[in-house]
Amino acid sequence: MNVTLDYLRGRRTWVVPNFVVWGDWSWASFFLLYTEFGESSKRVILAKKNLGGLDQMVNFSNLSDFRGNQLPETIQNPKVIVLPKNEVNCFVVGKEMETGFRIAKSSEIGKTGLVDLMIVEMG
């Protein structure tokens, strides 16, 4: 037996065809510092705000693969690979989570993106 081949074949993989990406990528991310003075307390609050877009949040449980099977609710250590089907540049924003991921398109083009998603459970 080939150990490398067994390792690669042991990972769960799904292909989601024709996924539409409508979320725009945030052009800038700012850290803001607030101060709040109450009657009994004083606070300093640090917050991160995105400017210029709205990322699209996708849950794995809302997706179906090319055979029509629904994906599980959680995937351990997932990796999402975006395979473009039109000229709109689409990409995963940030790190994938066990329950889903965020995806966006370049907002320089007004069209929606069309992609195939390959989702691999890295274990």
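For the structure given in this document, a descriptive report is provided here. Just so we're clear, the structure is a prediction, and the values are computed from it rather than from any experiment.

Turning next to the overall build of the chain. Within the chain, the regular secondary structure consists of 1 helix and 8 strands. Mapped in sequence order, the helices and strands of the chain form the string α-β-β-β-β-β-β-β-β. Within the span of the chain, comprising 123 residues, buried residues form 28% of the whole. Expressed as a percentage of contacts within the chain between residues at least 6 apart in sequence, the contacts between residues at least 24 apart total 66%.

Evaluation of the coordinates by the stated rule reveals 6 salt bridges. As a salt-bridge pair, Glu121 and Arg12 come within 2.8 Å of each other at their nearest N and O atoms. You can see Glu121 sitting in strand S8 (residues 113-121) and its partner Arg12 sitting in the loop between helix H1 (3-9) and strand S1 (13-21), a full 109 residues away along the chain. A relative accessible area of 13% means that Glu121 is categorised as buried. Overall, the relative accessible area of 38% leaves Arg12 in the partly exposed class. Taking the shortest distance from any N to any O, the salt bridge between Glu96 and Lys79 comes out at 3.7 Å. Taken together, the residues span a long stretch of sequence, with Glu96 in the loop between strand S6 (90-93) and strand S7 (100-105) and Lys79 in strand S5 (residues 78-84) at a distance of 17 residues. Overall, Glu96 belongs to the buried group, its relative accessible area being 9%. By relative accessible area, which is 42% here, Lys79 ends up partly exposed.

Ordered in space as S1-S8-S5, the 3 strands form an open sheet in which the pairing is antiparallel. Both edges of this open sheet fall to S1 and S5, since each of them pairs with a single strand only. Strand-to-strand twist across the sheet, computed as the mean angle between neighbouring axes with direction ignored, equals 25°. Sheet analysis places S5 next to S8, joined by 7 bridges and oriented antiparallel. Paired with Leu83 across the strands is Asp116, a residue of S8.

Here we take up unusual backbone geometry. Peptide bonds are mostly trans, and most non-glycine residues show a negative phi. Notably, Asn18 is not glycine yet its phi reads approximately 55°, a positive angle. When you line up the elements, Asn18 lands in strand S1. Residues other than glycine seldom take positive phi values, yet Asn77 does so here, at roughly 50°. Relative to the elements of secondary structure, Asn77 occurs in the loop between strand S4 (56-59) and S5. Taking the relative accessible area as the measure of exposure, Asn77 reaches 37% and is therefore partly exposed.

So, on to the pairing of S7. Taken across its 6 residues, S7 has 5 buried, putting it largely inside the fold. The pairing of S4 with S7 spans 4 bridges and is classified as antiparallel. Paired with Gln56 across the two strands is Ile103, which belongs to S7. Where S6 and S7 come together, 4 bridges link them in antiparallel fashion. Paired with Phe91 across the two strands is Ala104, which belongs to S7.

Scoring rules and cut-offs
- Residues numbered from 1 in each chain as written.
- Predicted model: local features only at pLDDT ≥ 70, side-chain atom pairs only at ≥ 80, totals over all residues.
- Heavy atoms only, no water.
- Helix = DSSP H or I, 4+ residues; strand = E, 2+ residues; numbered from the N terminus.
- Buried < 20%, exposed > 50% of the residue type's maximum accessible area, 1.4 Å probe, protein only.
- Contact = heavy atoms within 4.5 Å.
- Salt bridge = Lys/Arg side-chain N within 4 Å of Asp/Glu carboxyl O.
- Pairing = 2+ DSSP bridges.
- Axes fitted to C-alpha atoms, helices over the stretch in contact; angles between N-to-C directions.

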